[in-house]
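An overview of the molecular structure
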There are 2 protein chains.
Amino acid sequence: MEKILIFGHKSPDTDSICSSIVMEKIAKHYGLDAEAVRLGNINKETEYALNYADIQPTREISDVLEGQKVILVDHNEKDQSVDGREKSEIIGVIDHHRISSFETSTPLYYISKPYGCTSTLLYEIIKKENIEIDKQMAILMLSAIISDTLLLKSPTCTQNDIDAYNELEAFLGIDASQYGLEMLKAGTDLSIYSADEVINLDAKEFEANNKKIVIAQVNTADIEDVFVRKEEIEFAMEKQIADKKLDLYVFLITDIINTNSKVIALGEQKEIIEKAFNVKLDENDSALLEGVVSRKKQVAPPILEIL
Amino acid sequence: MEKILIFGHKSPDTDSICSSIVMEKIAKHYGLDAEAVRLGNINKETEYALNYADIQPTREISDVLEGQKVILVDHNEKDQSVDGREKSEIIGVIDHHRISSFETSTPLYYISKPYGCTSTLLYEIIKKENIEIDKQMAILMLSAIISDTLLLKSPTCTQNDIDAYNELEAFLGIDASQYGLEMLKAGTDLSIYSADEVINLDAKEFEANNKKIVIAQVNTADIEDVFVRKEEIEFAMEKQIADKKLDLYVFLITDIINTNSKVIALGEQKEIIEKAFNVKLDENDSALLEGVVSRKKQVAPPILEIL
């Protein structure tokens, strides 16, 4: 049987990596020959989780061949997915985002729920289907939930995420909030990355009304740590805008301790930020967004709405 | 709390009507204020099922108001859905078709599996969630499965559909194949309909590559019974092509006893049929498609592929 590839979005975050590995285990439980792969580098936060679980990073791929069977986790939009996706056959999607620029010519498995994290969905499937889990799977799912919900503090967090978090914590017998803070902090050391790498750590493309935008996000324990590198970051953003013909580039520096974000906006449509969040961009093309931590729930919708 | 509307596709078939009513019961089980409605007339086959279950037809709607919360069953494509759908908030989809011309600005519940029938999916959810079912719900789901799979004979039929059929038959304590044949036959009496009505009984619009097509289908116990009305049917098809600016109108007359279909194709792109099915259209713009009964699995994909 032909091998099925399972992957999350480009610039993979902890949920994309961890959910793809857990999904591989679920697929194998059903007798499918499947392999979790990834569409980009593993970030420091995810590395921390994989090390803790003693799991090797998945294989990186850049595109897919004609007729390749794939399962998408944690995304569905074309621009966030593998290059050449139109050549593949999408047999399944497990996701928790809006649906857009996604279409198939045949029916498929598509399971999406408005939860804070894909792994919460996987955990519920595992429970419902009585699939046995081990400690590795549990730490992967718990790490994904901690990452996507910022330790249950994000407005995207649902009761389902909290329940899964609590049950996985009990199963593992660890202090999840202590583990989670260590993991999140591991992801905030951006000093090792070039500005180009920083803006690509977690960047997502969106299209609406023929406008193309990127919303990138980094987590930090102190916004100033990142903001001092504003000049080189803006330079990298301008380059992306030119290369990808973007109408807007939004860069969010999210304070995981105080749950605020500083936004830097560049591009022809940068005024949209002022309307979307009722703020004034200062002379640095920047503004503080009080209480804003979720790209999916708090940042992308108002911007896409105005576009 | 605001009422949620649940509906299947335009020109509703038995699955669209029955699944919407079952979904209403599931929604109510979860404390939601929901109402199953419909986007068109109830056909004779569905009427037979509703009479047998002693259930009143649902309320017909033609469009939705701004901000209306909706749950779609048995479809997702825009052209098959309610007029003004872009104004609504889609909070859930339960479906078993390809995904196309569907997008949302926020995350939602989207449950789709490549089964023969939406009701099979609902039946599995009901079992997994331990929702109590009654005889009315069982007859609705059984009727939908019988209709969509042509009594388990369609190539779209999966083991999941067969399992659900068998369990529902056992629960009801009836002879499902006898009931099913009566129900299917009730749907084949087209003499009461005008040609215009005949081609709209089960018509679905598709778009691909900026081409707009309709594939309509009727069931019959004898193809000739319908084919003798070819002239008035073609007249009605031509009118639709002009009114809706269609590139292709495909009308399938499906023999539910011998599981074949006769196709009539009109419109600028009618030659596509010859390529898609490796047949020659005769002087009646018509051809016999041996073993073809499923629009979803056997007719739409090769046509959309060529477009």
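Scroll up for the structure.
What comes next concerns the included structure. (Residues numbered from 1 in each chain as written. Chains lettered and ligands numbered in written order. Predicted model: local features only at pLDDT ≥ 70, side-chain atom pairs only at ≥ 80, totals over all residues. Heavy atoms only, no water.)

Take the overall build of chain A next. Regarding its fold elements, chain A presents 11 helices and 11 strands. Relative to a compact globule of 307 residues, whose C-alpha radius of gyration would be 19 Å, chain A shows 19 Å and is just as compact. If one aligns the C-alpha atoms of chain A with their principal axes, the spans along those axes are about 55 × 45 × 35 Å. Evaluated residue by residue, chain A yields a buried proportion of 61% over its 307 residues. Sequence-distant contacts in chain A: of pairs separated by 6 or more residues, those separated by 24 or more amount to 63%. Summed over its atoms, the accessible surface of chain A is roughly 12600 Å², and 46% of this surface lies on carbon and sulfur atoms. Computing the positive centroid from 33 side-chain charges and the negative centroid from 55, chain A places the two 3 Å apart. (Helix = DSSP H or I, 4+ residues; strand = E, 2+ residues; numbered from the N terminus. Rg over C-alpha atoms; globule rule 2.2 N^0.38 Å. Buried < 20%, exposed > 50% of the residue type's maximum accessible area, 1.4 Å probe, protein only. Contact = heavy atoms within 4.5 Å. Areas by Shrake-Rupley, 256 points an atom, 1.4 Å probe, with all protein chains shown as cover. Lys, Arg positive; Asp, Glu negative; His and termini not counted. Charge placed at Lys NZ, Arg CZ, Asp CG, Glu CD.)

Next up on the list: the interface of chain A and chain B. Each partner contributes residues to the interface: chain A has 23 residues there, and chain B has 24 residues. For the pair chain A and chain B, the summed buried surface comes to about 2100 Å²; carbon and sulfur atoms form 60% of the total. Counting the surface chain A buries against chain B, the share from its top three residues, I99, P107 and K128 of chain A, is 26%. Our count for the chain A to chain B interface comes out at two salt bridges. As a salt-bridge pair, K128 of chain A and E129 of chain B come within 3.2 Å of each other at their nearest N and O atoms. At four residues, the largest contribution of residues to the side of chain A that touches chain B is made by strand β6 (residues 109–112) of chain A. Class assignment of the residues belonging to the side of chain A that touches chain B gives a composition of nine nonpolar, eight polar and six charged. The sheet contact formed by β6 of chain A and strand β6 (residues 109–112) of chain B spans three bridges and is antiparallel. (Buried area = accessible area lost by both parts, 1.4 Å probe. Salt bridge = Lys/Arg side-chain N within 4 Å of Asp/Glu carboxyl O. Nonpolar A, V, L, I, M, F, W, Y, C, P; charged D, E, K, R; others polar. Pairing = 2+ DSSP bridges.)

All names here are of chain A. For strand β10 (residues 260–266), the buried fraction is high: seven of the seven residues fall into the buried class. Residue alternation in β10 divides its side chains into two sets, N260, K262, I264 and L266 and S261, V263 and A265, and both sets are buried. Relative to β10, strand β9 (residues 248–255) runs antiparallel, the two being bridged by seven bridges. Looking at the pairing, Y249 lines up with L266 of β10. Between the end of β9 and the start of β10, which pair antiparallel, lie four residues, with T259 showing a positive phi angle near 50°.

Residue and element names in this part refer to chain B. Of all eight residues making up strand β9 (residues 248–255), eight are buried, and the element is well covered by its neighbours. The side-chain alternation of β9 yields two buried faces, one formed by L248, V250, L252 and T254 and the other by Y249, F251, I253 and D255. Direction of pairing for strand β8 (residues 211–220) relative to β9: parallel, over a ladder of eight bridges. The residue of β9 that forms the bridge with N219 is T254.

Moving on to helix α11 (residues 295–306) of chain A. Every α-helix carries 3.6 residues per turn, so stepping three or four residues along brings you back to the same face. All names here are of chain A. Relative to the 16 Å expected for 12 residues at 1.5 Å per residue, α11 spans 15 Å between its end C-alpha atoms, a close match to the ideal helical length. Taken residue by residue, α11 has R295, K296, V299, A300, P301, I303 and L304 as its buried positions. Lining the buried residues of α11 we find β7 (203–208), β8 (211–220), β9 and α10 (272–277). Looking at where α11 begins, the residue whose side-chain oxygen comes 3.4 Å from the main-chain nitrogen of K296 is S294. (Expected span 1.5 Å × (residues − 1). Polar contact = N/O pair within 3.5 Å; in protein donor to acceptor, adjacent residues only side chain to side chain.)

Another aspect to go through is the relation of the copies chain A and chain B. Two chain copies here: they are related by a rotation about an axis and a translation along the same axis. Once turned by 180° and shifted 0.0 Å along the axis, chain A lies on chain B with an RMSD of 0.0 Å. What the rotation and shift describe, once combined, is the action of a two-fold rotation axis. In terms of proximity to the rotation axis, the leading residue of chain A is I111 of chain A, whose C-alpha is 2.4 Å off the axis. Interface overlap between copies: 100% of the residues of chain A at the interface are likewise at the interface in chain B, consistent with a symmetric, same-surface contact. (Least-squares fit on C-alpha atoms with pLDDT ≥ 70 in both.)

Let's shift gears to the sheet that holds strand β11 (residues 286–289) of chain B. Within a sheet, adjacent strands bond to each other through the backbone by hydrogen bonds, running parallel or antiparallel. Residue and element names in this part refer to chain B. Read across the open sheet, the five strands follow the order β7-β8-β9-β10-β11; overall the sheet is mixed. Strands with a single pairing partner mark the edges of an open sheet, and in this sheet they are β7 (203–208) and β11. In this sheet, neighbouring strand axes are inclined to one another by 25° on average, regardless of whether the strands run parallel or antiparallel. As paired strands, strand β10 (residues 260–266) and β11 are joined by four bridges and run antiparallel to one another. (Axes fitted to C-alpha atoms, helices over the stretch in contact; angles between N-to-C directions.)

Taken in spatial order, the 12 strands line up as β3(A)-β2(A)-β1(A)-β4(A)-β5(A)-β6(A)-β6(B)-β5(B)-β4(B)-β1(B)-β2(B)-β3(B) in an open sheet, and their pairing is mixed. Where the open sheet ends on each side, the last strands, each with one partner, are β3 (59–60) of chain A together with β3 (59–60) of chain B. Note: strand β1 (residues 4–7) of chain A against strand β4 (residues 69–73) of chain A, three bridges, orientation parallel. Bridged to F7 of chain A within β4 of chain A is L72 of chain A. Lying on the sheet, helix α1 (residues 14–29) of chain B is in contact with β1 (4–7), β2 (34–38), β4 (69–73) and β5 (89–95) of chain B; it crosses β2 of chain B at an angle near 175°. With respect to the sheet, helix α3 (residues 118–128) of chain B is in contact with β4, β5 and β6 of chain B, its orientation differing from that of β5 of chain B by roughly 95°.

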